[in-house]
Amino acid sequence: MIKFDGVTKRYADGTVAVDDLNLEIPSGQITVLVGPSGCGKTTSLRMINRMIDPTSGSITIDGDDIRAKDPADLRRGIGYVIQHAGLFPHRTIIDNIATVPYLLGWDKKKARATAMELMERVGLDTKMAKRYPFQLSGGQQQRVGVARALAADPPVMLMDEPFSAVDPIVRKSLQDEFLRLQSDLQKTIAFVTHDIDEAVKLGHRIAVFQVGGVLAQYATPEELLAHPAEGFVTDFLGGDKGLKRLRFNRELEETPDEVEAAER
Ligand code: ADP
Ligand code: MG
């Protein structure tokens, strides 16, 4: 479990990006950080792997304060996926995916075999292994980004708007495959998006941020949509569209009482 305890990040120019954040991200599940642009989502995520250090407060992973760890060691246990995949343009797909295994000094054959397996797992034809990133579509590049983050089998994954830059149809298939992959792998995932529909589809829990880096609500998708906090969260969800979203996005085994009540 990843735990934020009173975490504030104030940048040098005085901007408070994250304001006294208390948040528990449970192991083996997908926790989504959602909110409008500039509300501190990326800053929160990057504090987990120490790309950014908090101004105050502490972050622990399974009870260990991350400040006590060497940042390079810490990051070996944390996969990181970003919006435009961030692939190395002059390395082939297979070498991109094997980046961390190479850094860890794995035998080249083993690193490449792992990379090939991962290509299959994320739905990429292994015939593409020798191509360069520019020879792939945006959606395929994002799959490579996910495979690269998974290569050393880290327990934790940080994903910053990984599917935001692709068209809606590709996004849907990336989301669906990501959910399938996660049901096998059960990583601890912190997933950032500005899209509430994506949050509801992917998250076991959703943290809604508002500008100023304030956590407005932290709840399961069902709780969030049935009982959004007054004010900002209600506006962000777009009023009564919330419950409809839940019905579209989730195949609920049982209809929650709240949904029934809302329909009466
Ligand atoms: P989000 O990912 O939710 O869009 P960010 O975490 O990137 O938000 O940014 C939160 C706030 O911090 C914004 O107001 C942004 O302009 C500001 N910010 C981000 N990085 C820096 C920086 N290096 N220096 C100063 N302000 C920053
Ligand atoms: Mg961001």
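Residues numbered from 1 in each chain as written. Chains lettered and ligands numbered in written order. Predicted model: local features only at pLDDT ≥ 70, side-chain atom pairs only at ≥ 80, totals over all residues. Heavy atoms only, no water.

A. Structural detail: the overall build of the protein chain. A tally of regular secondary structure across the protein chain gives 12 helices and 10 strands. Scaling as 2.2 N^0.38, a compact globule of 264 residues should have a C-alpha radius of gyration of about 18 Å, and the protein chain matches this with 19 Å. Each of the three principal axes of the protein chain carries a C-alpha extent, and together these read 60 × 40 × 30 Å. Within the protein chain, the fraction of its 264 residues that count as buried is 45%. For the protein chain, the share of sequence-separated contacts (at least 6 apart) that also reach a separation of at least 24 residues comes to 65%. (Helix = DSSP H or I, 4+ residues; strand = E, 2+ residues; numbered from the N terminus. Rg over C-alpha atoms; globule rule 2.2 N^0.38 Å. Buried < 20%, exposed > 50% of the residue type's maximum accessible area, 1.4 Å probe, protein only. Contact = heavy atoms within 4.5 Å.)

B. Helix α5 (residues 108–121), seen in detail. Given a rise of 1.5 Å per residue, 14 residues ought to cover 20 Å, and the 20 Å separating the end C-alpha atoms of α5 matches this to within 8%. Regarding α5, the residues found buried are A111, T114, A115, L118 and M119. The buried residues of α5 occupy an angular sector of 145° when projected down its axis, which confines them to one face. Exposed side of α5, more than 90 degrees from the buried face: K109, E117 and E120 are the residues found there. Each element contacted by the buried residues of α5 is listed here: α3 (93–97), α4 (99–103) and α6 (138–150). G123 lies just past α5 and shows a positive phi near 80°. (Expected span 1.5 Å × (residues − 1). Arc of directions from axis to C-beta.)

C. Layout of the pattern of salt bridges. Applying the stated criterion across every chain, the model contains 11 salt bridges. Ionic pairing is found between R67 and D65, a salt bridge with its closest N-O pair at 2.9 Å. Note on D65: relative accessible area 25%, which makes it partly exposed. As a salt-bridge pair, D176 and K201 come within 2.7 Å of each other at their nearest N and O atoms. Placement of the pair is D176 in helix α7 (residues 168–185) and K201 in helix α8 (residues 196–202), with a sequence separation of 25 residues. K201 sits in the buried class, given a relative accessible area of 14%. (Salt bridge = Lys/Arg side-chain N within 4 Å of Asp/Glu carboxyl O.)

D. Layout of the sheet that holds strand β6 (residues 78–81). Read across the sheet, 6 strands follow the order β6-β7-β8-β3-β9-β10 without closing on themselves; strand pairing throughout is mixed. The two strands at the open ends of the sheet, each matched to only one other strand, are β6 and β10 (214–219). Sheet twist, expressed as the mean angle between neighbouring strand axes with direction ignored, is 15°. Sheet topology places strand β7 (residues 156–160) next to strand β8 (residues 188–193); 5 bridges connect them, and they run parallel. By the bridge assignment, M159 is partnered in β8 with F191. The sheet strands contacting α6 are β6 and β7, and the helix crosses β6 at an angle near 170°. (Pairing = 2+ DSSP bridges. Axes fitted to C-alpha atoms, helices over the stretch in contact; angles between N-to-C directions.)

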